[in-house]
Amino acid sequence: MEFWQSFCDLSTISKPIFSTIVITIILSIFFIILSFRIKKIDYLKPTPKWLVPFVMLVELFNNFIKQNIGKRWRFYAPWFMALAIFIFFANISAIYLLENPTSYVIVTLALALCSFMIIQSAGIISNGILGYLHSFIEPIPVMLPMNIIGEFSLPISLCLRLFGNIISGSVIAILIKGFLGYLAIPVMPFINVVFDIGFGLIQTTVFVILSIIFTANKISDEDKIFS
């Protein structure tokens, strides 16, 4: 009962909502400005140096999507790229003095459910409704209950993995702070940056790659052929 009351506490829920809104606004402004800068580029000239890292990142990401998802990669790439960017900046939000949204299970559950919907829709689009439903009785019909449990445990797994690993990074930082005592004052800013960026990048990579792999597993072999 106490857990449910704390889960429904509006003051607790408002913290990740506020951070999520701020992060979304910051990222939106950044990408709007970036898009205007890109539109002004003369494509007959060499690529500006400031744009090269962005091009390399997008190309690397798109190639990974192509190899795993196949011919419909253009449909899924924007979602997974947006997911990766949001989760990373949410994971490192403590650096710019915001509450970390992904340290709240309600936020990681929402992200996991979004990925779950993409994964299931990929199976329906690729195999058709009948083929999608038939996959639940493979390899034999008696596996139906286990396959259903396996499917619906997927968002829970993604949710708790991201939530638990982000929390564990915070706990480790707190333990280091307690161990160092007063010496933590000059040291902790550097440790926090390393833990926030390191854990943030690793957990973003794990979450997005798992989402892509689960999506690829729902797509038929014929659709994975990219030409």
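Along each chain, numbering runs from 1 in the same order as the chain's sequence is written. Where totals are concerned, whole chains, interfaces and linings use all residues; where local detail is concerned, this predicted model gives features only for residues with pLDDT of at least 70, and gives and counts side-chain atom pairs only at 80 or more. Hydrogen atoms and water are omitted, and side-chain values are computed over all heavy atoms in the structure.

Asker: Can you walk me through the overall build of the protein chain in this structure?
Answerer: Of regular secondary structure, the protein chain possesses seven helices and zero strands. A helix here means a DSSP run of H or I that spans at least four residues, while a strand means a run of E at least two residues long, and both kinds are numbered starting from the N terminus. Secondary structure elements of the protein chain, listed N to C terminal, follow the sequence α-α-α-α-α-α-α. Overall size of the protein chain, expressed as C-alpha extent along the three principal axes, is 65 × 60 × 30 Å. Note on classification: 1.4 Å probe, protein chains only; a residue is buried when its accessible area is under 20% of the maximum for its type, exposed when over 50%, partly exposed between these limits. A buried classification covers 32% of the 227 residues belonging to the protein chain. Computed over 14 positive and 11 negative side-chain charges, the inter-centroid distance for the protein chain is 12 Å. Here Asp and Glu are counted as negative and Lys and Arg as positive; His is not counted, and neither are the chain ends. We put the charge of a Lys on NZ, of an Arg on CZ, of an Asp on CG and of a Glu on CD.

Asker: Explanation requested: the side chain of Glu 151 in the structure shown.
Answerer: Positionally, Glu 151 belongs in helix α6 (residues 144-180). A polar contact is formed between the side chain of Glu 151 and the side chain of Lys 218, at a distance of 2.8 Å. For this analysis, residues touch if any pair of their heavy atoms sits within 4.5 Å. Setting aside chain neighbours within four positions, we find Glu 151 in contact with Phe 116, Gln 120, Phe 136 and Lys 218. Throughout this description, a polar contact denotes any pair of N or O atoms lying within 3.5 Å of each other; where both atoms belong to protein, one of them has to be capable of donating a hydrogen while the other can accept it, and for residues adjacent in sequence the pair is counted only when both atoms sit in side chains.

Asker: Before we go on, may I ask you to explain the environment of Leu 201 in this structure?
Answerer: Looking at the element boundaries, Leu 201 is found in helix α7 (residues 184-218). Sequence-wise, Leu 201 and Asn 63 are 138 residues apart; in three dimensions their C-alpha atoms are separated by 19 Å.

Asker: Honestly, the packing of helix α5 (residues 105-134) against α6 in this entry has me stumped. Any pointers?
Answerer: Working note: a packed helix pair is described by the angle between its axes plus the distance between those axes. It is at 8 Å that the axes of α5 and α6 come closest, and there the two elements cross at 140°. Here α5 is positioned oblique relative to α6, judged by the angle of their axes. The hand of the α5/α6 crossing is right-handed. The residues of α6 that touch α5, namely those facing Val 105, Thr 108, Leu 109, Leu 111, Ala 112, Leu 113, Ser 115, Phe 116, Ile 119 and Gln 120, are Glu 151, Phe 152, Leu 154, Pro 155, Leu 158, Cys 159, Leu 160, Leu 162 and Phe 163. When grouped by side-chain class, the residues that make up the contact of α5 with α6 number 15 nonpolar, three polar and one charged. Orientation is described by axes fitted as lines to C-alpha atoms, over the contacting stretch for helices, and by angles from 0 to 180 degrees between their N-to-C directions. Roughly parallel here means an angle under 35 degrees, roughly antiparallel means over 145, roughly perpendicular means 65 to 115, and every remaining angle is called oblique. Here a crossing is taken to be left-handed if its near helix is turned anticlockwise relative to the far helix by less than a right angle, and right-handed if that turn runs clockwise. We call Asp, Glu, Lys and Arg charged. Ala, Val, Leu, Ile, Met, Phe, Trp, Tyr, Cys and Pro are nonpolar, and the rest, Gly among them, are polar.

Asker: Sorry, what's going on with the environment of Phe 116 here?
Answerer: Looking at where Phe 116 falls in the secondary structure, it is placed in helix α5. For the pair Phe 116 and Phe 152, spaced 36 residues apart in sequence, the C-alpha to C-alpha distance is 8.6 Å. Discounting chain neighbours no more than four positions away, the residues touching Phe 116 are Glu 151, Phe 152, Leu 154 and Pro 155.

Asker: I'm lost on the packing of aromatic side chains in this one. Help?
Answerer: Each aromatic ring pair is specified by the distance between its two centres and by the angle formed by the two planes. Within 6.5 Å between ring centres, the rings of Phe, Tyr and Trp (the latter by its six-membered ring) count as paired, and their orientation is classed by plane angle as stacked under 30 degrees, edge-to-face over 60, tilted in between. Under the criterion given, the structure shown has six aromatic pairs. Aromatic side chains Phe 88 and Phe 89 sit 5.5 Å apart centroid to centroid with 80° between the ring planes, which places their arrangement in the edge-to-face category. Assessed through its relative accessible area of 32%, Phe 89 is described here as partly exposed. With centroids separated by 5.3 Å and ring planes inclined at 85°, the aromatic side chains of Tyr 132 and Phe 136 adopt a geometry described as edge-to-face. This pair shows no difference in class: Tyr 132 is buried, exactly as Phe 136 is. Among the aromatic residues, ring-to-ring pairing joins Phe 30, Phe 31 and Phe 54 into one connected group. Between Arg 37 and the ring centre of Trp 50, over which it is positioned, the NZ or CZ distance is 4.5 Å. Any Lys NZ or Arg CZ that is within 6 Å of a ring centre and within 35 degrees of that ring's normal is treated as a charge sitting over the ring. The residue whose ring lies beneath Lys 218 is Phe 136, and the NZ or CZ to ring-centre distance is 5.4 Å.

Asker: Explanation requested: the nonpolar core in the structure shown.
Answerer: In a soluble, globular protein the nonpolar side chains are often hidden away together inside. Nonpolar cores are built from buried Ala, Val, Leu, Ile, Met, Phe, Trp, Tyr and Cys residues. Side-chain atoms within 4.5 Å join them into one set. Of all hydrophobic cores here, the largest spans 33 residues; its most connected members are Phe 61, Ile 65, Phe 80 and Leu 111. For this core, the secondary structure elements donating two or more residues are α2 (10-39), α3 (52-69), α4 (73-91), α5, α6 and α7. At ten residues, α4 tops the list of elements feeding residues into this core. Phe 80 has contacts with Phe 61, Ile 65, Ile 69, Ile 118, Val 208, Ser 211, Ile 212 and Thr 215, leaving out every residue within four places of it along the chain.

Asker: Looking at this structure, I do not really get the confidence of the model for the protein chain. What am I missing?
Answerer: Any region with low pLDDT has predicted coordinates that should not be read closely. For every residue, the predictor states its confidence as a pLDDT score lying anywhere from 0 to 100. Looking at the protein chain as a whole, the pLDDT averages 82, with 92% of positions reaching at least 70. Mean pLDDT per element in the protein chain: helix α1 (residues 2-7) is the minimum at 45, and α4 is the maximum at 90. Here residues 1-10 scores under 50 on pLDDT; set against residues more than four positions off or in separate chains, the count is five contacts.

Asker: Honestly, the packing of α3 against α4 in this entry has me stumped. Any pointers?
Answerer: At a minimum axis distance of 10 Å, the contact between α3 and α4 shows a crossing angle of 130°. One finds that α3 runs oblique with respect to α4. The handedness of the crossing between α3 and α4 comes out as right-handed. Across the interface between the two elements, Leu 57, Val 58, Phe 61, Asn 62, Ile 65, Lys 66 and Ile 69 from α3 touch Trp 73, Tyr 76, Ala 77, Phe 80, Met 81 and Ala 84 from α4.

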